[in-house]
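Here's the letter readout for the chains.
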Amino acid sequence: METTTNPADVPAEIREEFAELQVGSVDVLPAEELLSQLTRARREGRPLRVKLGVDPTAPDIHLGHTVVLRKLAQFQSFGHTAVLIIGDYTAKVGDPSGRSKLRPRLSDEEIAANATTYVDQAAKVLDMDKVELTRNGDWLGPLRMDEVLRLTATVTVARMLERDDFSRRYLANEPISMLEFMYPLLQGYDSVAVKADVELGGTDQKFNLLMGRTIMEAYGATPQSILTVPLLVGTDGEQKMSKSYGNYIGVDDAPSDMFGKVMSIPDELMPTYFSLLTGAGRLEIEAFEAGLRDGRVHPAQAKRDLAERLTTLYHDSGAARAARAEFDRIFKEKERPEVVPEVEIPTEVVKDGTIWLPRLLTALGLASSNGEARRLVEQGGVRIDDSVVQDVGREYDPTSLRGVVLQVGKRRFVRLL
């Protein structure tokens, strides 16, 4: 293994690059090795190969997924090679990280469709013209059994059980399949295949990333260094961003929805979102945080600026400005949007000649279930022509609802036809 570089011998521009890469990072392991790699890369005129593997297990991504993509884009900005691996093969295995049970297996058709949309959405963050885009099925699919056995021999069961989620399940006498044990090995073999110098991932990937070092060493390759980024807290300010928690901001959200969702985050999350999601440099991040601390910037103004900046990244400046104006019109000036979508009352919600409002909300996609719709009404979150709905059990004559504006929450409006 190559020795690390004495920090005193590192050129100032490399130290600055290293400092920028550390912003928004949690772990850089082993300590100082990345600094040595950056120094050697500059000296030898060879960019680092920076690997990120993503399994296309869902058709869309949210801002939580973009945290690590922005870190990869940052390496790109310093002239390094971004190696994006679409895990079409590992998606069949399923990453057990943070899971209490085996993931359901996806079909080849589902994986292929998800991979296409994932790449399209990743292009909103990365310069895809300069990305080395690969699929790990190209090398994992053809592996012979003797090569698979060689791979499994690189790691002991005891080492696998050092992983927190495996350890918890083992002690609780919960099943752990051999398939799940294979996932970190396959991810590590990816690093061998693409000759990775650095691998990126979320903090929940730390075990898998370190496993890559072990496997690379077993195959006679120089072990990669690793850099982890935090898991983004969702708009509720409590749990990690996830569609299942309903606290996510999708990269394909409409401008008004994206702007409004950013405006809904707790004030204390603003520095984190600015640091992890905007691509801002270290000095700009420090200035943003200082402005909030010393009161030079009002939190409401800072949040609007943040929401406009993020919306611009995924749409354009015109759409972001329009979303900001629309938001202010609704919330500051208490007016409706200039354009209210018109929808027909679905015939299936009319039962015995009347309409139960929660059923209508669910049918229109304004609530995920009748239960959620009931809660929205009970919490005063539903209005008909600016009047708060009081009675969750009331049945409406369909003719009385035609032409009215139905408002759910603070941002969703429809006119019923």
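The text that follows walks through the structure, step by step, so that each part is easy to find. Please read all numbers here as calculations on a predicted model, not as lab measurements. The residue numbers shown here count from 1 along each chain, following its written sequence. Local features in this predicted model are restricted to residues whose pLDDT is 70 or higher, and side-chain atom pairs enter the listing and the counts only when it is 80 or higher, whereas totals over whole chains, interfaces and linings include all residues. Remark: hydrogens and water are excluded; side-chain values derive from all non-hydrogen atoms of the structure.

### A look at the sheet that holds strand E13 (residues 405–408)
Strand pairing requires that DSSP identify at least two bridges connecting the strands. Numbered from the N terminus, helices here are DSSP runs of H or I no shorter than four residues, and strands are runs of E no shorter than two. Strands sit in the order E7-E14-E13-E10-E11 across an open sheet of five strands; the sheet is mixed. On the outer flanks of this sheet lie strand E7 (342–343) and strand E11 (387–388), each paired with one strand and no other. Of the strand pairs in this sheet, strand E10 (residues 382–384) and E13 are connected by three bridges, and their pairing is antiparallel. Paired with Arg 383 across the bridge in E13 is Gln 407.

### What to know about helix H9 (residues 164–171)
Exposure classes here rest on a 1.4 Å probe applied to the protein chains alone. A residue is buried below 20% of its type maximum, exposed above 50%, and partly exposed in between. Among the residues making up H9, those that are buried are Asp 165, Phe 166 and Arg 169. Along the axis of H9, the buried positions cluster into a sector of 100 degrees, meaning they face one direction only. Exposed positions of H9 whose direction lies more than 90 degrees from the buried face are Asp 164, Arg 168, Tyr 170 and Leu 171. The elements touched by buried residues of H9 are helix H8 (157–160) and helix H10 (178–194). At the exit of H9 stands Asn 173, carrying a positive phi of roughly 60 degrees. Arc definition: it is the arc formed by the directions from the helix axis to the C-beta atoms. Contacts are assigned to residue pairs with any non-hydrogen atoms lying within 4.5 Å of each other.

### Brief notes about the nonpolar core
Side-chain atoms within 4.5 Å link the members of a nonpolar core, which is a set of buried Ala, Val, Leu, Ile, Met, Phe, Trp, Tyr and Cys residues. Counting residues in each nonpolar core, the largest one holds 60 residues, and the members touching the most others are Leu 34, Leu 63, Leu 200 and Tyr 273. Looking at this core element by element, the count peaks at seven residues for helix H3 (residues 63–77). Filtering out sequence-adjacent residues up to four positions away, Leu 63 remains in contact with Leu 232, Met 241, Ile 249, Val 251, Leu 277, Leu 310 and Tyr 314. Tyr 189, Val 194, Ala 196 and Ile 215 belong to the second largest nonpolar core, which has 24 residues in total.

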